[in-house]
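Structure assessment
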Amino acid sequence: DMHSRGHAATLPGPLARHDTLDTASVDEFRHQASSLLSEHRIRRIDAVDTAPFRGRVRAASLGDLQLVYLEQGIGIDVDILEHLDYYDLMLAVEGTNRITCDDARTHVGPAHAALLSPRMRARMQMDASYRQMHLRIEQFALDRRLECLIGRSVPAPVIFDLSVDLTTPQLSTWMSSLQVL
């Protein structure tokens, strides 16, 4: 199970062959993660916490999709500073993330993911054990696929619900296949 406590110690983790950055520098991590996802600000949740920052970034592209794995080793607050121009499915490999986006709130953990849609901005609070996988889907790719399915142009981005229930039969099967990563 990818959410069990000992998993990180026994396996190299998701996208292990695609290491992009392993750093103790918050600024280096933020810069690399921002270049793959969106510009954001990072702050420690607990200002007196002396645990070291351990930033790890891994990324792989598959056509119009990009998989991005992030971990930081400390509890952090993250503010996305710009409106997204892509879809971002956020999955917890371990730990939890509380997300506020406009008037919607959800948490990312073993049973729930979050799906950020274009034009959204979010604020997140990630616990120290949180390790995350992002599936970045370009808006133009989703629009193009949708236009093929419905036979007409899409006038504006599709906005999905923020919370995604991973316990449904379809998504639990899909999540099992992601564990192979």
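Heads up: the structure comes first, above all this text.
Described below are features of the structure shown in this document. (Residues numbered from 1 in each chain as written. Predicted model: local features only at pLDDT ≥ 70, side-chain atom pairs only at ≥ 80, totals over all residues. Heavy atoms only, no water.)

Inspection of the secondary structure puts Leu89 in strand β6 (residues 86–94). On the accessibility criterion, Leu89 (12% relative accessible area) is buried. For the pair Leu89 and His134, spaced 45 residues apart in sequence, the C-alpha to C-alpha distance is 5.5 Å. (Helix = DSSP H or I, 4+ residues; strand = E, 2+ residues; numbered from the N terminus. Buried < 20%, exposed > 50% of the residue type's maximum accessible area, 1.4 Å probe, protein only.)

With antiparallel pairing, the five strands of this open sheet are ordered in space as β2-β5-β10-β7-β8. Two strands bound the open sheet, and with one partner strand each, they are β2 (40–44) and β8 (104–108). Mean inter-strand twist for the sheet, computed between neighbouring axes without regard to direction, equals 15°. Pairing analysis gives five bridges linking strand β7 (residues 97–101) to β8, with the strands arranged antiparallel. (Pairing = 2+ DSSP bridges. Axes fitted to C-alpha atoms, helices over the stretch in contact; angles between N-to-C directions.)

Before going further, it helps to examine the nonpolar core. Membership of the largest hydrophobic core comes to 30 residues, with the highest contact counts inside it found for Leu70, Ile99, Leu116 and Met124. Sorting the residues of this core by element identifies α2 (26–36), β3 (55–62), β4 (65–71), β5 (76–80), β6, β7, β9 (112–116) and β10 (123–126) as the ones contributing at least two each. Those residues in contact with Met124, other than ones at most four positions away along the chain, are Ile76, Asp77, Val78, Ile80, Met90, Asn97, Arg98 and Ile99. (Core = buried A, V, L, I, M, F, W, Y, C linked by side-chain atoms within 4.5 Å. Contact = heavy atoms within 4.5 Å.)

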